[in-house]
Amino acid sequence: VQLQASGGGRVQAGGFLRLSCAASGRTFSNYAMGWFRQAPGKEREFVAAINWSGGSTSYTDSVKGRFTISRDNAKNTVTLQMNSLKPEDTAVYYCATRDSPWRATMADEYVYWGQGTKVTVSS
């Protein structure tokens with residue numbers, strides 16, 4: 001299984017970015033996907049997750065109302081739309097998938113990880 005994340009960059013506070021993760025190597029639509037992030041000097045933290053169909057999602061409290069996770073099973077991609085970005089959103093963002101159709105919030109529940117894409121939000 002390979003996951004390729006893209007879409008990171010530098011943006012001013014209040015701006016937006018759209019992260020994408022392209023998956024290959026197995027039937028994408030059978031498995032849940034998640035986004036995590038790791039800021040400098042901090043542990044990796046959960047951001048958002050989506051179940052196999054896209055019908056169920058979850059978010060960490062700090063991004064609720066600003067970030068939206070979605071998936072396109074026909075294109076084997078998962079997307080994280082990030083609006084109203086804040087400097088504290090600065091991190092490397094990772095997409096991940098687990099061996100289950102159901103979403104999860106713990107990093108150790110995910111088996112495969114992408115390489116990460118860097119997001120920098122300036123004030």
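Residues numbered from 1 in each chain as written. Predicted model: local features only at pLDDT ≥ 70, side-chain atom pairs only at ≥ 80, totals over all residues. Heavy atoms only, no water.

Engineer: Can you explain the nonpolar core? Please cite residues and give values.
Structural biologist: Residues Trp35, Leu80, Met82 and Tyr93 are the most contacted members of the largest nonpolar core, which totals 27 residues. Among the elements of the structure, strand S1 (2-6), strand S3 (17-24), strand S4 (33-38), strand S5 (45-50), strand S7 (67-72), strand S8 (77-82), strand S9 (91-97) and strand S11 (117-122) are those that each provide at least two residues to this core. The element best represented in this core is S3, accounting for 4 residues. With residues up to four places along the chain from it excluded, the contact list for methionine 82 reads Gly15, Phe16, Leu17, Leu19, Arg66, Phe67, Tyr93 and Val119. By size, the runner-up hydrophobic cluster in this structure holds 6 residues, among which are Phe36, Phe46, Ala49 and Tyr110. (Core = buried A, V, L, I, M, F, W, Y, C linked by side-chain atoms within 4.5 Å. Buried < 20%, exposed > 50% of the residue type's maximum accessible area, 1.4 Å probe, protein only. Helix = DSSP H or I, 4+ residues; strand = E, 2+ residues; numbered from the N terminus. Contact = heavy atoms within 4.5 Å.)

Engineer: So what about the packing of aromatic side chains? Which residues, and what values?
Structural biologist: A ring pair, where both rings are aromatic, is described by two values, the distance of the centres and the angle of the planes. Tallied over the entire structure, the rule returns 4 aromatic pairs. Ring centres of phenylalanine 36 and phenylalanine 46 lie 5.7 Å apart, and the angle between their planes is 70 degrees; this geometry places the pair in the edge-to-face category. On the criterion of sequence distance, the pair formed by phenylalanine 36 in strand S4 and phenylalanine 46 in strand S5 is long-range, its members being 10 residues apart. With respect to burial, phenylalanine 36 and phenylalanine 46 carry one shared label: buried. These aromatic residues form a ring-pair network of at least three members: Phe36, Phe46, Tyr110 and Trp113. The positively charged end of arginine 26 is found above the aromatic ring belonging to tyrosine 31, 3.5 Å away from the centroid. (Phe/Tyr/Trp six-rings, centres within 6.5 Å; stacked < 30°, edge-to-face > 60°. Lys NZ or Arg CZ within 6 Å of the ring centre and 35° of its normal.)

Engineer: Describe the pairing of S11, and please don't skip the residues or the numbers.
Structural biologist: By the bridge criterion, 4 bridges tie strand S2 (residues 9-12) to S11 in an arrangement that is parallel. Within S11, the residue paired with glutamine 12 across the bridge is serine 122. Pairing of S9 with S11 involves 3 bridges; the strand directions are antiparallel. Within S11, the position partnered with valine 92 by the bridge is lysine 118. (Pairing = 2+ DSSP bridges.)

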